[in-house]
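These are the residues of each chain, in order.
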Amino acid sequence: MSATPRLASIAQRIDDNRLNIVNPYGVPVTLFANRDVPIEIEAIDQALALVSVQQTIEDLRAAVAGSRPGARPLPGRRARRAGLRVRRLHPELG
């Protein structure tokens, strides 16, 4: 593993073949790479972007819980009108 300070603070080696990727979202992320495999910080950033979806899920959960008991998540336009951030993964959705 390249010993850049940022990479060393994010990727913590578990054993000879696995690393734990620390993230603020509480999502367990394990990278499988032995000590001979170079690890690029860009790849770690992409993995962290993927797990950041957890924050969107938490935002939706909090909004629904605050609306009314037993409420279902608001899809697309209704969510935007309610002030929630909606990320479009597919243009035909929303």
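Residues numbered from 1 in each chain as written. Predicted model: local features only at pLDDT ≥ 70, side-chain atom pairs only at ≥ 80, totals over all residues. Heavy atoms only, no water.

Looking at the sheet that holds strand S2 (residues 18–21)
Okay, step 1: Spatially, 3 strands are ordered S1-S2-S3 in an open sheet, and the strand pairing comes out antiparallel. Strands at the two margins of the open sheet, each flanked by one partner only, are strand S1 (11–13) and strand S3 (30–32). Averaged over neighbouring strand pairs, the angle between their axes works out to 35° when direction is ignored.
Okay, step 2: Bridging between S1 and S2 involves 3 bridges; their strand directions are antiparallel. Each residue of the ladder has a partner; that of Arg13, found in S2, is Leu19. (Pairing = 2+ DSSP bridges. Helix = DSSP H or I, 4+ residues; strand = E, 2+ residues; numbered from the N terminus. Axes fitted to C-alpha atoms, helices over the stretch in contact; angles between N-to-C directions.)

A look at the pattern of salt bridges
Here the idea is simple: oppositely charged side chains can pair when their charged atoms come close.
Okay, step 1: Using the criterion set out here, one finds 4 salt bridges in the structure.
Okay, step 2: Arg6 is the salt-bridge partner of Asp45, the closest N and O atoms lying 2.8 Å from each other. Of this pair, Asp45 sits in helix H2 (residues 41–51) while Arg6 sits in helix H1 (residues 5–10), and the two are 39 residues apart along the sequence.
Okay, step 3: A residue is classified by how much of its surface remains accessible, and Arg6, at 42% relative accessible area, is partly exposed.
Okay, step 4: In this structure, Asp16 and Arg35 form a salt bridge, with 3.3 Å as the shortest nitrogen-oxygen distance. Linking Asp16 in the loop between S1 and S2 with Arg35 in the loop between S3 and H2, this pair joins segments that are 19 residues apart in sequence. (Salt bridge = Lys/Arg side-chain N within 4 Å of Asp/Glu carboxyl O. Buried < 20%, exposed > 50% of the residue type's maximum accessible area, 1.4 Å probe, protein only.)

Brief notes about the environment of Arg6
Okay, step 1: It is 8.2 Å that separates the C-alpha atoms of Arg6 and Ile41, two residues lying 35 residues apart in sequence.
Okay, step 2: In this view, Arg6 contacts Ile41 and Asp45; residues no more than four positions away in its chain are not counted. (Contact = heavy atoms within 4.5 Å.)

Observations regarding H2
Okay, step 1: Buried within H2 are the following residues: Ile44, Leu48 and Val51. Down the axis of H2, the buried side of the element spans an arc of 60°, and every buried residue falls inside it. Of the residues in H2, the exposed ones pointing more than 90 degrees away from the buried face are Gln46 and Leu50. (Arc of directions from axis to C-beta.)

Examining the nonpolar core
Okay, step 1: One finds Leu7, Ile10, Ala11, Leu19, Ile21, Val29, Ala33, Ile39, Ile44, Leu48 and Val51 forming the largest nonpolar core, which totals 11 residues.
Okay, step 2: Contributions of two or more residues to this core are made by H1, S2 and H2.
Okay, step 3: A per-element tally of this core places H2 first, with 3 residues. (Core = buried A, V, L, I, M, F, W, Y, C linked by side-chain atoms within 4.5 Å.)

Brief notes about the confidence of the model for the chain
Okay, step 1: For the chain, the average pLDDT comes to 79, and 67% of its residues sit at 70 or higher.
Okay, step 2: Averaged pLDDT values over the elements of the chain bottom out at 59 in helix H4 (residues 76–81) and peak at 96 in S2. (pLDDT = per-residue confidence, 0-100.)

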